[in-house]
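A structural walkthrough
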Amino acid sequence: MTRELHPDRPLVAGNWKMNGTPASARVLVAELVSRLADRPPAEVLILPPFTALEAVGAFLGGDPRVRLGAQNCHWEPKGAFTGEISAPMLESLCDYVLVGHSERRHLLGESDEVVRRKLGAVLEAGLLPILAVGETGAEREGGLTAEVVERQTRAGLEGLSPSQVALCTIAYEPVWAIGTGATATPEDATTAAELIHRVVAEMAGSAVVVRVLYGGSVTAANAASLVRARGVMGALVGGASLKAEEFAAIVAAAG
Ligand code: PGA
């Protein structure tokens with residue numbers, strides 16, 4: 001089954017990272033839905049830890065305003081991979097899977113090749129991938145931002161058909177801005193987004209348009225300028241997504 005995708009609608013995604021129990025996740029999502037408009041101006045996605053996906057999904061009970069995603073998966077569908085979770089195991093629990101988050105690339109050593117295989121596994125399972133790309137502070141200072149963003153984007157999408165690329169969302173997340181309070185300027189976000197759109201057009205044809213999100217210290221205060229920067233169609237939010245009121249304000253700012 002292919003999931004519904006609305007590339008012309010902003011996407012505001014909350015990456016809860018390694019936070020919360022099933023019980024506390026239910027409380028957080030209850031607070032969030034109580035603060036969302038009946039028709040939010042963006043698609044709202046939350047990425048709870050694997051262990052809370054089922055509880056959050058049961059709480060939502062099909063509420064069309066909020067979709068669910070996982071923060072990671074393994075590239076193989078099953079097998080002797082102790083402690084791992086595969087894409088087919090997530091198929092009944094969520095719609096999206098994030099791959100290539102910088103914490104996995106840099107803290108857990110995931111290579112471009114691993115990210116590419118994971119992205120393929122997500123599509124194979126009929127789920128929607130979000131590919132995260134972005135340069136470190138040192139790479140930025142070395143003038144390598146464009147090179148890194150292009151390399152990670154190309155590597156992640158390599159070998160996909162145009163119709164598979166069309167199912168992808170790409171999050172530009174400068175590593176130096178994640179969890180630091182430092183944000184890229186809207187112009188930085190636009191420069192990276194335009195580069196990503198160019199790479200996608202080269203690889204899949206100009207008829208394929210994917211959503212590019214910005215991520216890195218997005219808050220209610222800075223969301224309006226970043227979420228709707230030229231070329232950008234939403235945000236991937238970490239820390240601020242753990243505060244229902246603030247995350248709901250970021251969603252509202254996408255309108
Ligand atoms: P942050 O995280 O909003 O806390 O900077 C963003 C992310 O890691 O996706």
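Here the structure is a predicted model, which is why all the values come from computation and not from measurement.

1. Overview of the environment of A171
- With respect to the helices and strands, the residue A171 is situated in strand 6 (residues 169-172).
- A relative accessible area of 0% places A171 in the buried class.
- Along the chain, A171 and L160 lie eleven residues apart, while their C-alpha atoms are 18 Å from each other.
- Among all residues touching A171, those that are not within four sequence positions of it are I130, L131, A132, V133, L213 and L236.

2. A look at the side chain of E173
- Checked against the element boundaries, E173 lands in the loop between strand 6 and helix 9 (186-204).
- Put simply, E173 is tucked away with no salt bridge, and the nearest opposite charge, on K17, sits 6.6 Å away.
- For E173, the contacting residues outside a window of four places in its chain are H101, A132, V133, G134, E135, I178, G215, G216 and L236.

3. Thoughts on the packing of helix 1 (residues 22-35) against helix 11 (residues 244-253)
- Close contact between helix 1 and helix 11 brings their axes to 9 Å; oriented N to C, the two are set at 40°. Classed by the angle they form, the pair helix 1 and helix 11 counts as oblique. Between helix 1 and helix 11 lies a crossing whose hand is right-handed. For the pair formed by helix 1 and helix 11, the contact residues are L28, E31, L32 and R35 on the first element and A244, E245, F247 and A248 on the second.

4. What to know about the pairing of strand 7 (residues 211-215)
- Taking burial as the measure, the five residues of strand 7 include five buried ones, the bulk of the element.
- Side chains of strand 7 alternate between two faces, with R211, L213 and G215 and V212 and Y214 buried alike.
- For the handedness criterion, the β-α-β arrangement of strand 6, helix 9 and strand 7 is classed as right-handed.
- In terms of strand pairing, strand 7 meets strand 8 (residues 234-237) through two bridges, oriented parallel. In the strand pairing of strand 8, G215 is matched with L236.

5. Thoughts on the state of the cysteines
- Across all of its chains, the model carries zero disulfides by this definition.
- You can see C73 has no disulfide; the closest cysteine sulfur is in C94, sitting 9.1 Å from it.
- Looking at C73, the relative accessible area reads 0%, which means it is buried.

6. Quick look at the packing of aromatic side chains
- Enumeration over the complete set of coordinates arrives at one aromatic pair.
- Considering the side-chain rings of Y172 and Y214, the 6.4 Å spacing of their centres and the 55° angle between planes classify their relative orientation as tilted. On the criterion of sequence distance, the pair formed by Y172 in strand 6 and Y214 in strand 7 is long-range, its members being 42 residues apart. Both residues of the pair, Y172 and Y214, count as buried.

7. Quick notes on the side chain of S86
- Mapping S86 onto the fold places it in the loop between strand 3 (66-70) and helix 3 (87-90).
- A relative accessible area of 3% means that S86 is categorised as buried.
- Ignoring anything within four residues of it in the chain, the contact list for S86 reads C73, H74, E76 and P77.

8. Observations concerning helix 9
- Helix length check: helix 9 (19 residues) gives 26 Å between terminal C-alpha atoms against 27 Å at 1.5 Å per residue, within 8%.
- Here the buried face of helix 9 lies against strand 5 (128-133), helix 7 (145-157), helix 8 (162-165), strand 6, strand 7 and helix 10 (223-227).
- Phi for G205, located one or two positions after helix 9, is positive at around 100°.

9. Some details on helix 7
- Taking 1.5 Å per residue as the helical rise, helix 7 with its 13 residues ought to reach 18 Å, and the 18 Å between its terminal C-alpha atoms agrees with that figure.
- Those residues of helix 7 that sit buried are T145, V148, V149, Q152, T153, A155, G156 and L157.
- Residue G159 follows helix 7 closely and has a positive phi angle near 85°.

What counts as what
- The residue numbers shown here count from 1 along each chain, following its written sequence.
- Note on the predicted model: pLDDT of at least 70 is required for a residue's local features to be given, and 80 or more for side-chain atom pairs to be given and counted; whole-chain, interface and lining totals, by contrast, use all residues.
- Side-chain figures throughout are based on the complete set of non-hydrogen atoms in the structure, without hydrogens or water.
- Counting from the N terminus, the helices are the DSSP runs of H or I reaching at least four residues and the strands are the DSSP runs of E reaching at least two.
- Residue exposure (1.4 Å probe, protein chains only): buried if accessible area is under 20% of the type maximum, exposed if over 50%, otherwise partly exposed.
- Contact criterion: two residues are considered in contact whenever any of their non-hydrogen atoms come within 4.5 Å of each other.
- Think of it this way: Lys and Arg go in the positive column, Asp and Glu in the negative one, and His and the chain ends go nowhere.
- Salt-bridge detection follows one rule: a side-chain nitrogen of Lys or Arg within 4 Å of a carboxyl oxygen of Asp or Glu.
- To get an axis, fit a line to the C-alpha atoms, keeping to the stretch in contact for a helix; angles then go from 0 to 180 degrees between the N-to-C directions.
- When describing relative orientation, an angle under 35 degrees is termed roughly parallel and one over 145 degrees roughly antiparallel, while 65 to 115 degrees is termed roughly perpendicular and anything else oblique.
- Rotating anticlockwise by less than a right angle from the far helix to the near helix defines a left-handed crossing, while the corresponding clockwise rotation defines a right-handed one.
- Consider the strands pointing away from the viewer: the crossover is right-handed when the path from the first strand over the helix to the second runs clockwise.
- Strand pairing is assigned whenever DSSP identifies at least 2 bridges connecting the two strands.
- Counting rule for disulfides: a pair of cysteine sulfur atoms within 2.5 Å.
- Ring pairs are drawn from Phe, Tyr and Trp, using the six-membered ring of Trp, whenever the two centres fall within 6.5 Å, and their geometry is named by plane angle: stacked under 30 degrees, edge-to-face over 60, tilted for the rest.
- Every helix has an expected span of 1.5 Å times one less than the residues it contains.

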